[in-house]
Amino acid sequence: MRIVILRLGHRIQRDQRITTHVALTARAMGAEGMLLDSDDSGIEKSLVDAGARWGGSFYVKRITSWKNEVKKWKEAGGKVIHLTMYGINLPDAIPEISTDAIMIIVGAEKVPPELYGLADWNVAVGNQPHSEVAALAITLDRLQAASGNDALRTHFPDAKCEINPQKAGKEVIDTALTGKL
Ligand code: SAM
């Protein structure tokens, strides 16, 4: 399944860290990229750095019109989930969501009201306010599970560094040295 994130309302001073976390989470859990409704180039740089080391082809693309991106995505046959605490709770929404191409929209500040009408599904990850990073992670996990994938086993075959999981301590393998992959 193709998964793209659209991050709305990013404020350069205030949201840099959390938007980076949205992108890192999306990358780690199987999304192909993130559209960023801002001209902040710092997020893209962080993700390019992460990709150079940990692999994959995750992209961050700065956009100027989120509405155009939603329109283009839908015209190409994709569907749109808007994550909002006011929506249908994820466990109730999941059985209805079937598509090969999903755009997941997360906000920062209050989102434009028309988004509620443009989205195919307004989905809550529990109907309480919390975090876009938490909402995205749980949504990616449940969506991937519904299509038979495990978001926590995302693997990047071209990684230069890989973690060898340990019960205690840390081990990072330099794949260029070991020839492993
Ligand atoms: N202060 C903002 C407002 O007045 O709307 C909300 C900020 S909230 C931390 C930022 C984003 O987190 C929201 O746009 C939404 O995408 C996501 N979010 C927060 N709680 C959520 C929940 N329970 N379910 C789904 N998404 C949620």
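Quick note: structure is the one above.
None of the values given here were measured: they were computed from a predicted structure.

The rules behind these values
Residues numbered from 1 in each chain as written. Predicted model: local features only at pLDDT ≥ 70, side-chain atom pairs only at ≥ 80, totals over all residues. Heavy atoms only, no water. Helix = DSSP H or I, 4+ residues; strand = E, 2+ residues; numbered from the N terminus. Expected span 1.5 Å × (residues − 1). Buried < 20%, exposed > 50% of the residue type's maximum accessible area, 1.4 Å probe, protein only. Arc of directions from axis to C-beta. Polar contact = N/O pair within 3.5 Å; in protein donor to acceptor, adjacent residues only side chain to side chain. 1 Å grid on protein atoms, 1.4 Å probe; cavity = no way out; pocket = protein on both sides within 12 Å on 5 of 7 lines; lining within 4 Å. Points joined across faces, edges and corners; volume = space filled by probe spheres on them. Nonpolar A, V, L, I, M, F, W, Y, C, P; charged D, E, K, R; others polar. Contact = heavy atoms within 4.5 Å. Near = heavy atom within 4 Å. Areas by Shrake-Rupley, 256 points an atom, 1.4 Å probe, with all protein chains shown as cover. Sits in = over half its atoms within 2 Å of the grid points.

## Some thoughts on helix 6 (residues 132–146)
Link 1 in the chain: Taking 1.5 Å of rise per residue, the 15 residues of helix 6 would be expected to cover 21 Å, and the 21 Å separating its terminal C-alpha atoms lies within 8% of that figure.
Link 2 in the chain: For helix 6, the set of buried residues is E132, V133, A135, L136, T139, L140, L143 and Q144. The buried residues of helix 6 occupy an angular sector of 155° when projected down its axis, which confines them to one face.
Link 3 in the chain: At the N-terminal end of helix 6, a side-chain oxygen is found 2.9 Å from the backbone nitrogen of V133, two or three residues along, and the residue is S131.

## Observations regarding the layout of surface pockets
Link 1 in the chain: Each pocket or cavity is described by its volume, and for the largest pocket that value is around 480 Å³.
Link 2 in the chain: L83, T84, M85, G107 and A108 are the residues nearest the centre of the largest pocket, which is lined by 22 residues in total.
Link 3 in the chain: Contributions of two or more residues to the lining of the largest pocket are made by strand 4 (79–89), strand 6 (121–124) and helix 6.
Link 4 in the chain: No other element matches strand 4, which puts five residues into the lining of the largest pocket.
Link 5 in the chain: When the residues that make up the lining of the largest pocket are grouped by side-chain class, the tally is 12 nonpolar, seven polar and three charged.
Link 6 in the chain: Lining the second largest pocket are 14 residues, with W54, T154, H155, F156 and E162 sitting closest to its centre.
Link 7 in the chain: Taken together, the elements giving at least two residues each to the lining of the second largest pocket come down to helix 1 (12–28) and strand 7 (161–163).
Link 8 in the chain: The greatest single-element share of the lining of the second largest pocket, amounting to three residues, is contributed by strand 7.
Link 9 in the chain: Per-class residue counts for the lining of the second largest pocket are nine nonpolar, two polar and three charged.

## Here we look at helix 2 (residues 42–54)
Link 1 in the chain: End to end, helix 2 covers 18 Å across 13 residues, agreeing with the expected 18 Å (1.5 Å per residue, within 8%).
Link 2 in the chain: Every buried residue of helix 2 is listed here: I43, L47, A50 and G51. One side of helix 2 holds all its buried residues, which, seen down the axis, span an arc of 100°. Among the exposed residues of helix 2, those oriented more than 90 degrees off its buried face are K45 and V48.
Link 3 in the chain: Packed against the buried residues of helix 2 are helix 1, strand 2 (33–36) and strand 3 (59–62).
Link 4 in the chain: Taken from the residues just after helix 2, G55 is the one with a positive phi, measuring 90°.

## Overview of the site of the ligand
Link 1 in the chain: In the vicinity of the ligand there are 16 residues, among which L83, V125, G126, Q128 and H130 approach most closely.
Link 2 in the chain: A distance of 2.8 Å separates a nitrogen atom of the ligand from a polar backbone atom of G126.
Link 3 in the chain: E132 is positioned with one of its backbone polar atoms (N or O) 3.4 Å from an oxygen atom of the ligand.
Link 4 in the chain: Contact with the protein chains covers 73% of the free accessible surface of the ligand, which is 580 Å².
Link 5 in the chain: The cavity where the ligand resides is the largest pocket.
Link 6 in the chain: Elements that contribute at least two residues to the shell around the ligand include exactly strand 4, strand 6 and helix 6.

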